[in-house]
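Descriptive analysis of the structure
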Amino acid sequence: GEKRERRTSSMLQDYLRIALRNITHRKLRSWLTAIGIIIGVASVVALISVSQGMQGAIEEQFEQMGTDTITITPTSFTGPGSTAEAPFDDGDVRVIERIPEIDTVLPMMYGTAKFTFHNQDSYSYLMGIPLDKESNKVWDDIGWDILEGRFPEAGKKEVGIGYLAAKEMFDDELRVKNTIMVNDEKFKIVGIAKEVGNSQDDTAIYMDVDVAKDILDQEDYNMIMAKVKPGNDAELVADKVQRKLEKYRDAEDFNALTPSEILEQINDILGIIQLVLVGIAAISLLVGAIGIMNTMYTSVLERTPEIGVMKSIGATNKDILTIFILNAALFGFVGGILGVLLGAIVSAMIPLMGLSIVGGGSMKAVFTVDLIFYGIALAMIIGTLSGLIPAIRASKLKPIDALRYE
């Protein structure tokens, strides 16, 4: 048994040596063959690492919100001139406030406003949020922490500004106690928020919702957030909010969702996007597979006399099949390693581009050890399968025909 194992090991080494010689003998053709696999694996690896990074960044955002917050938003915008963009009024707020399991209700409005500082104009996102002391605690829980200064006070012409708005909105950096014009009205900056990692919040300027009504010339709210009392199931309370509000409004033109439900919806969408992108990248792998098959067929034709010699001195069909399959697997292995390396470089460059995800933080890429193994394994499987038909053809050549071939 030991002798057989040694012989098998020695034969495998011989097969590998022959397969490696075939690849190194024709360097240019080998590189051209591997390039399709390299690009395909790099695309798959980079796309998966970016989509995993996006998923992680979005989940991080929702973790900040906690599990006890319900977000009520309109389902869609029905057309110009409609009130669908700001469909909630004080009556809707009162309906939600009367639900016993609800602790605090936070009606919000938002819109684009003109900001002026040191005679320089800039347009950004203005958020009107409830700013009484009770609400401030809630915003604090949700993750709107103050870096410097304090929250604006209810009813006063004061603003808090996002971290990026302070740094980047104007040539001169905005500071606490500066005066800023909002739609040509004077406001005092009283607080700068900590960086949230969400470009929309970090570039926003926020003030008390009742003051924002005059500045944005708007009566209704775009969105309502409600905090659930401790000890209640947020999803059950969200269903109750949905039912009560539907009855009051006599319409189903809104959604009451918990962070986990919103996250579920986003993850479903991300999953579909990921599948489509990986499907597109798989086209490169298919091209790579055809390249390997083509090279292997050429190799079989070129080495027909060599196969004849090997068979006439005792090589079996299985030996020839193994040599050619190892040859194809090596193409896949080399292409896989280089593809994973290229994919890792592309993934590492993504965060440096400073791209941001919709409503979320900056684009990240998550590159895991699993991804390295999957990338190389995928390339080797594709390489092996591509070389299978040419290898079977090579193994079935008759020694006499192979030796006669020119």
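Up top is the structure these notes are about.
These remarks concern the structure in this document. Computed from a prediction, not measured in an experiment: that's the story for all the values here.

Here the focus is the packing of aromatic side chains. One pass over the structure, following the stated rule, counts two aromatic pairs. Between the aromatic rings of Y110 and Y125, the centroid separation amounts to 5.7 Å while the plane-to-plane angle is 35 degrees, which identifies the pairing as tilted. Of this pair, Y110 sits in strand β2 (residues 102-117) while Y125 sits in strand β3 (residues 120-129), placing them 15 residues apart in sequence. For Y125, a relative accessible area of 18% translates into the label buried. Here the aromatic rings of F117 and F170 are separated by 5.7 Å at their centres, their planes lie at 50 degrees, and the arrangement is tilted. Of this pair, F117 sits in strand β2 while F170 sits in the loop between α5 (163-168) and β6 (179-182); the two residues are 53 residues apart in sequence, bridging distant segments of the chain. Judged by relative accessible area, F117 falls into the buried class, the value being 4%.

Running from N to C, helix α3 (residues 90-97) and helix α8 (residues 234-249) cross one another at 140 degrees; their axes reach a closest spacing of 10 Å. By the angle between their axes, α3 is oblique relative to α8. For the element pair α3 and α8, the recorded crossing hand is right-handed. Facing α3, whose interface residues are G91, D92, V95 and I96, α8 presents V241, K244, L245, Y248 and R249. Across the contact of α3 with α8, the residue classes tally to five nonpolar, one polar and three charged.

Our next topic: α8. Owing to its 3.6 residues per turn, the α-helix aligns residues three or four sequence positions apart on the same side. For α8, built from 16 residues, the straight-helix expectation of 22 Å at 1.5 Å per residue is met to within 8% by its first-to-last C-alpha distance of 22 Å. Close packing links the buried residues of α8 with β1 (69-74), α3, β2, β9 (223-228), β10 (254-257) and α9 (259-302). Positive backbone phi, at 55 degrees, marks D250, one or two positions downstream of α8.

This brings us to the side chain of S386. Examined against the element boundaries, S386 turns out to sit in helix α12 (residues 369-395). Among the polar contacts made by the side chain of S386, one reaches the main-chain carbonyl oxygen of A289 at a distance of 3.4 Å. When near neighbours in sequence (up to four residues on either side) are disregarded, S386 contacts A289, I292 and M293.

So, about the nonpolar core. Counting residues in hydrophobic clusters, the biggest one holds 44 residues, and the most contacted among them are I70, I72 and I180. Here this core gets six residues from one element, more than from any other, and that element is β2. In this view, I180 contacts F115, T116, F117, V159, F170, L174, E185, K186, F187, I189 and I205; residues no more than four positions away in its chain are not counted. Membership of the second largest hydrophobic core comes to 27 residues, among which are V44, A328, L371 and A379.

The bulk of non-glycine residues show a negative phi, and the bulk of peptide bonds are trans. Even without a glycine there, the phi angle at K177 is positive, about 85 degrees. Although it is not a glycine, D217 sits at a positive phi angle of roughly 50 degrees. By secondary structure assignment, the location of D217 is in the loop between α7 (209-216) and β9. Judged by relative accessible area, D217 falls into the exposed class, the value being 71%.

Here the focus is the pattern of salt bridges. The full count for this structure, using the stated rule, is 11 salt bridges. Note that E153 is salt-bridged to R150, the shortest N-O span being 3.9 Å. A relative accessible area of 35% places E153 in the partly exposed class. Linking E153 and K156 is a salt bridge whose minimum nitrogen-to-oxygen distance equals 3.0 Å. A single network of salt bridges, built from pairs that share partners, joins R150, E153, K156 and E158.

This part covers α7. With six of eight residues buried, α7 lies mostly within the body of the structure. Burial in α7 covers these residues: V209, V211, A212, K213, I215 and L216. For α7, the elements touching its buried residues are α3, β2, β3, β6, β7 (185-193) and β8 (205-208). Phi turns positive, to about 50 degrees, at D217, one or two residues after α7.

Attention shifts here to the pairing of strand β5 (residues 158-161). In regular strands, side chains alternate between the two faces of the sheet. Taking every second residue as pointing to the same face, both faces of β5 are buried, with E158 and G160 on one and V159 and I161 on the other. Here four bridges tie β5 to β7, and the two strands are oriented parallel to one another. Bridge pairing in β7 links E158 to K188. Judged from the two bridges that link them, β5 and β8 form a sheet pairing that is antiparallel. Looking at β8, one finds that I161 is bridged to I205.

Now for a nonpolar patch on the surface. A contiguous nonpolar surface patch, about 730 Å² in accessible area, is contributed by I269, I272, I273, V276, L277, I280, I283 and V287. Counting through the fold element by element, I283 comes out in helix α9. Take I283: its relative accessible area is 52%, and that puts it in the exposed class.

Calculation notes
- Residue indices begin from 1 for each chain and proceed along its sequence in written order.
- Thresholds applied to this predicted model are a pLDDT of at least 70 for local features of residues and 80 or more for the giving and counting of side-chain atom pairs; totals over whole chains, interfaces and linings are not thresholded and use all residues.
- The basis for the side-chain values is all heavy atoms of the structure; hydrogens and waters are excluded.
- Each aromatic pair joins two rings of Phe, Tyr and Trp (for Trp, the six-membered one) with centres within 6.5 Å, and gets the label stacked for planes under 30 degrees apart, edge-to-face for over 60, and tilted for any other angle.
- Comment: elements are numbered from the N terminus, with helices defined as DSSP H or I runs of at least four residues and strands as E runs of at least two.
- Buried residues are those whose accessible area, probed at 1.4 Å on protein chains only, stays under 20% of the maximum for their type, while exposed residues exceed 50% and partly exposed ones sit between those limits.
- Only the stretch in contact is used when fitting a helix axis, every axis being a line fitted to C-alpha atoms; angles between N-to-C directions are given from 0 to 180 degrees.
- For classification purposes, an angle smaller than 35 degrees is called roughly parallel, one larger than 145 roughly antiparallel, one from 65 to 115 roughly perpendicular, and anything else oblique.
- Working rule for handedness: look at the near helix, and if it is turned counterclockwise from the far one by less than a right angle, call the crossing left-handed; if clockwise, right-handed.
- Contact criterion: two residues are considered in contact whenever any of their non-hydrogen atoms come within 4.5 Å of each other.
- Three residue categories are used. Nonpolar comprises Ala, Val, Leu, Ile, Met, Phe, Trp, Tyr, Cys and Pro, charged comprises Asp, Glu, Lys and Arg, and polar comprises the others, including Gly.
- One less than the residue count of a helix, multiplied by 1.5 Å, gives the span that helix is expected to have.
- Two N or O atoms count as a polar contact when they lie within 3.5 Å, although within protein this holds only if one can serve as hydrogen donor and the other as acceptor, and sequence-adjacent residues are included solely when both atoms are side-chain atoms.
- Buried Ala, Val, Leu, Ile, Met, Phe, Trp, Tyr and Cys residues form a nonpolar core when they are joined through side-chain atoms within 4.5 Å.
- What counts as a salt bridge is simple: a side-chain nitrogen of Lys or Arg found within 4 Å of a carboxyl oxygen of Asp or Glu.
- In this scheme, strands are said to pair when DSSP sees at least two bridges between them.
- Patches draw on residues past 30% relative accessible area with no salt bridge. Two like charges within 9 Å are joined, as are two nonpolar side chains (Val, Leu, Ile, Met, Phe, Trp, Tyr) within 5 Å.
- Under the convention used here, a 1.4 Å probe and the Shrake-Rupley method define accessible areas, while residue burial counts only the protein chains that appear.

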